[in-house]
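Each chain is listed here by its residues.
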Amino acid sequence: YSVCFAAFLLTNVLFVTVFKKLRRLHIFALCVPIILFVAINSYAVKPALYQFAVSFNPRLTQKGYIAAQNVLIAAIMLFYTLFPFYHLLRTYFGQMLDIKKKYAVIGGVCLCLINLLVYFTFVFGTLRDIFLTNVNFIGYPNSISDSPAYATTSVLFISILMLIIILILYYRPYKLFALSGRHKTIKDSMMYSNNTIMLLHTYKNALLGIRRFNQLAADEPGVSGAAAAYLTRSRDIAQEQLDAIDRSVKMLRGIKASIDAIDLIGCAEAAIRQLGGLPGITLIRKYAAGEIYIYGDEYHMKEAFVNIFTNAAEAIETAAPEEPQIKIVAELDLDFCIITITDNGCGIDKGVIKHIFKEFFSTKSRIISGVGLSYVNNVVSCFNGEIHVSSEPEKYTAVQLLFPRMKNGKQERV
């Protein structure tokens, strides 16, 4: 019984390691009180411990020893119950990543429910009569309750279990722990690219129909002058979009073959070089020491950065600030590689942010060629990443890319 409850206390320690990297020495030090907890509740060891205590205080009675033992048990239980919540609060308030804040809240709620289940079953519920602090020196209950709450405990157990399952299925915090290597990344990239290609073919078929009807209208007798010019221009626009779709499809078809470890900062710098160094804009770089590697495709990752930088440059051109600048911050978290690109351009309205990754969506007067920012979102998703955008109109826009950090040759899934 004491070993099982000690295992429950140990899980609270292991739970903390999800959010905070603990050294082996710290884990061992945290295990010492748990070992003591098992020892003082062992009926084989308890008499020896009592005799040892009596050797220091001959007037110590069994009743006094039991009272002191119960205080120690309560202190150990309280410490290991509050210990993970302390680290969850530190993680939440000291963390800049919204995704980690979300996992901290979900983890805290699940942990709270599990603790309620254990305490209301063993400490205050059905099994309280035989709990460690409610038995005498030889393990017999000090008293027996007349009406154990069997029904209440069953309802509580089922209710809490259902709540935990609902939280896990809805928010899926287990994604933080799942490992995803190169082959899993390839599989995900195939799925995303195939879905996007199917969607692009739908648009292509519609544009083919528009171009065909324009041609038929232009060939009709009596069509001349401005009408003919408008039809010709309309046909040319349709052809331009068809060409853009073909280019996008070719780009998406190549993702599978080249998944490998790539330098994230190197891809960003290659995109800047491709754009001519973004002339007229001050680039502020703040990179973590060393290279930041993820599993992905170097070409597509560079093209995603090209799209992000292009949109940032256009936003700056629209706002025309006195000191146009783009800030690029690359950093390493315990679990993530993070790169944040912030511009001081015109910004995006809050109501528009949720739409910017939809196919062909634009806040500009023209339609974005190809898949635009939707392509960026798909590339990031293919490489097990997430993209978050925050903005304030007329002030700034920040695009944050999060990728699982590679550890020991493997990549952890977001």
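What counts and how
- Residues numbered from 1 in each chain as written.
- Predicted model: local features only at pLDDT ≥ 70, side-chain atom pairs only at ≥ 80, totals over all residues.
- Heavy atoms only, no water.
- pLDDT = per-residue confidence, 0-100.
- Helix = DSSP H or I, 4+ residues; strand = E, 2+ residues; numbered from the N terminus.
- Contact = heavy atoms within 4.5 Å.
- Axes fitted to C-alpha atoms, helices over the stretch in contact; angles between N-to-C directions.
- Left-handed = near helix turned anticlockwise from the far one by under 90°.
- Nonpolar A, V, L, I, M, F, W, Y, C, P; charged D, E, K, R; others polar.
- Buried < 20%, exposed > 50% of the residue type's maximum accessible area, 1.4 Å probe, protein only.
- Salt bridge = Lys/Arg side-chain N within 4 Å of Asp/Glu carboxyl O.
- Phe/Tyr/Trp six-rings, centres within 6.5 Å; stacked < 30°, edge-to-face > 60°.

A. Spatial organisation of the confidence of the model for the protein chain. Across the protein chain, the average pLDDT comes to 77, with 78% of residues at 70 or higher. Summarising per-element confidence for the protein chain, the mean pLDDT is lowest in strand 9 (residues 410–411) (48) and highest in strand 2 (residues 282–287) (94). Per-residue pLDDT stays below 50 along residues 365–370; that stretch engages in nine contacts with residues further than four places along the chain or on separate chains.

B. Examining the packing of helix 2 (residues 24–40) against helix 4 (residues 62–93) more closely. Running from N to C, helix 2 and helix 4 cross one another at 145°; their axes reach a closest spacing of 11 Å. Judged by the twist between their axes, the crossing of helix 2 over helix 4 is left-handed. Of the residues in helix 4, those in contact with Leu-30, Cys-31, Pro-33, Ile-34, Leu-36, Phe-37 and Ile-40 of helix 2 are Gln-69, Leu-72, Ile-73, Ile-76, Met-77, Phe-79, Tyr-80 and Phe-83. Grouping the constituent residues of the contact of helix 2 with helix 4 by class yields 14 nonpolar, one polar and no charged.

C. Structural view of the environment of Ile-284. Locating Ile-284 in the fold gives a position in strand 2. Exposure remark for Ile-284: the relative accessible area of 30% places this residue in the partly exposed category. In this structure, the C-alpha to C-alpha distance between Ile-284 and Ile-328, residues 44 residues apart in sequence, is 6.1 Å. Filtering out sequence-adjacent residues up to four positions away, Ile-284 remains in contact with Gln-325, Ile-326, Lys-327 and Ile-328.

D. Broad picture of the pattern of salt bridges. Counted under the stated rule, the structure contains three salt bridges. In this structure, Glu-269 and Arg-285 form a salt bridge, with 2.7 Å as the shortest nitrogen-oxygen distance. One end of the pair, Glu-269, is in helix 9 (residues 264–274); the other, Arg-285, is in strand 2, with 16 residues separating them in the sequence. The salt bridge involving Glu-392 is made with Lys-395; its shortest N-O contact spans 3.2 Å.

E. Broad picture of the packing of aromatic side chains. Counted by the stated rule, this structure contains nine aromatic pairs. Here the aromatic rings of Phe-52 and Phe-56 are separated by 5.1 Å at their centres, their planes lie at 75°, and the arrangement is edge-to-face. Taken as a pair, Phe-52 and Phe-56 lie in helix 3 (residues 46–56) at a separation of four residues, close to a single helical turn. With respect to class, Phe-52 is no different from Phe-56; both count as exposed. Seen in terms of ring centroids, Phe-305 and Phe-309 are 6.2 Å apart; in terms of plane orientation they differ by 25°. Their pairing is stacked. Linking Phe-305 with Phe-309, this pair stays in helix 10 (residues 298–319), spanning four residues, or about one helical turn. Neither residue differs from the other here; Phe-305 and Phe-309 are each classed as buried. Among the aromatic side chains, those forming a connected cluster through ring pairs are Phe-5, Phe-8, Phe-37 and Tyr-119.

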